[in-house]
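Observations on the three-dimensional arrangement
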Amino acid sequence: MAELSLKEKERRRSLLRKKLQKAGLSALIVYGGTQLGVPVHYLTRIWGNKQNMVIFPVDGEPVFLIPSNTGMTGESLVKQGCWLPAENIRSSANLAVDAARLIISLKLQKTRVGIDSFRFWPVFEYRTFNELCPDVQLVEAHRLFGEIRGPKSAEELAVMGEAIRISDLAHNTFLANLKPGLTEEEVADKANEVLTANDIIDRIILIHSRPEAVYPYRPGPTVIKKPNPVTFSPEFTRNAGYGAQMIRAYWWEEPEGIYKKMFGLWAEMRQMIVREFRPGVEITNAGQKIEKLVGEWGFECDKLGHAVGLSYGDAPYITAGPHERDYMEWTILTDEVYAVHPMVRCRGGKAPFTMIGDMYFIGRDATRWMTTTLPGLPEMIPH
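The text that follows walks through the structure, step by step, so that each part is easy to find. Predicted, not measured: the structure shown is a model, and the values here were computed from it.

Looking at the sheet that holds strand β18 (residues 367-369)
Here five strands make up an open sheet; going across it, the order is β13-β12-β14-β17-β18 and the pairing antiparallel. The sheet is open, and its two borders are formed by β13 (314-317) and β18, each paired with just one other strand. Across the sheet, the mean angle separating the axes of adjacent strands is 30 degrees when strand polarity is ignored. With four bridges joining them, strand β14 (residues 337-340) and strand β17 (residues 358-362) adopt antiparallel strand pairing. Residue pairing in the sheet places Y338 in a bridge with Y360 of β17.

As structure tokens, then:
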């Protein structure tokens, strides 16, 4: 299985140092609770949480602060694959206090320091840090760091390819076990077994088999019946990092009427994304193109999609503007990966509902559709 090398670690560090220097920042504080723990993992290969933090100075080696009450040590984390040496992993009873002390020991207490991110950093920790380092100018750096994490290296794409392989296997297993008379849980459990067998813990499984419903939901006791279509959406992150999301609509018979029209929309949607999702496009412009296309076909949608990286749901999220949840200022970058999956329904929030989700790689010269398994619109269930 392809995994990341020390060369990849040095690539990330070099890019971050250059980015910080260009921005006039002396260091970056990466709060562990940010974006599902992804930014901490990006620098350490250990998942972030609300009790850990990385301090990354432009000059010198990064330091990883970990909780003092968990029994973890630098040695134990190194054995788990942490990129930092044991001597740079320090036990902390108070992240804010120890981060401030470290900044002072590095003689950076009168400089500009980036933070990823104010959005997630608890107010009391920010105030504690500020009291100890009143002359530090803290600068929001979520986008700065995101512009490093967004573009994927060849190594990252290889590992992401493994996640897509697992996703393909889960879908094929789901389809092979999809039979009328079984419950949603019974069929989804077969796909879940595939994920578990492939070292997947962090996952969300959604399903849609009730024609009157206008959102997918967790698999439950609903009995699958013909001719009701079934939408299946597993999204997950490998324990070692990197995720995948592919959503498929499975049908017993050819769709007619409004459903047939919806799948015409999905066919055009795939073409539009490959054509319009390009480097330099503002993420909200991309979101507006999705919503405009859906509207032109006479439907409405929400939950448009997001980037994919170390987590299946990485920043930024695709929105049409600041009026929508998860809005973030962003410009699509070369070598990013996006999962695009607008939830489409009739206007006024009415059924019927359809949803297709695919991953796309934003190349310099062309955008590539990555999740090409079971490409049918819809995918027909074998009889």
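Next comes the rest of the write-up.
So, the sheet that holds strand β15 (residues 343-346)
Taken in spatial order, the three strands make up an open sheet running β11-β15-β16, and their pairing is antiparallel. Every other strand in the sheet has two partners, leaving β11 (299-302) and β16 (350-354) as the edge strands with one partner each. Each strand of the sheet is rotated relative to its neighbour by a mean of 35 degrees, with strand direction disregarded. Two strands pair when backbone bridges link them, and β15 and β16 are joined in this way by three bridges, in the antiparallel orientation. Across the sheet, residue R345 finds its bridge partner in β16, namely F353. Running at roughly 45 degrees to β16, helix α9 (residues 257-276) makes contact with β11, β15 and β16 of the sheet.

Looking at the packing of α9 against helix α10 (residues 283-296)
Two measures define how a pair of helices packs: the angle their axes make with one another and the distance between the axes. At a closest axis distance of 11 Å, the pairing of α9 and α10 adopts a crossing angle of 155 degrees. Classified by the interaxial angle, the pair formed by α9 and α10 is roughly antiparallel. Crossing hand, α9 versus α10: right-handed. Within the contact between the two elements, α9 uses L265, E268, M269, M272 and E276 and α10 uses K289, I290, L293 and V294. Taken together, the residues of the contact of α9 with α10 break down into six nonpolar, no polar and three charged.

Quick notes on the rules
- Residues numbered from 1 in each chain as written.
- Predicted model: local features only at pLDDT ≥ 70, side-chain atom pairs only at ≥ 80, totals over all residues.
- Heavy atoms only, no water.
- Pairing = 2+ DSSP bridges.
- Helix = DSSP H or I, 4+ residues; strand = E, 2+ residues; numbered from the N terminus.
- Axes fitted to C-alpha atoms, helices over the stretch in contact; angles between N-to-C directions.
- Contact = heavy atoms within 4.5 Å.
- Parallel < 35°, antiparallel > 145°, perpendicular 65-115°, else oblique.
- Left-handed = near helix turned anticlockwise from the far one by under 90°.
- Nonpolar A, V, L, I, M, F, W, Y, C, P; charged D, E, K, R; others polar.

From the geometry alone we can't say anything about function, so treat these as descriptive.
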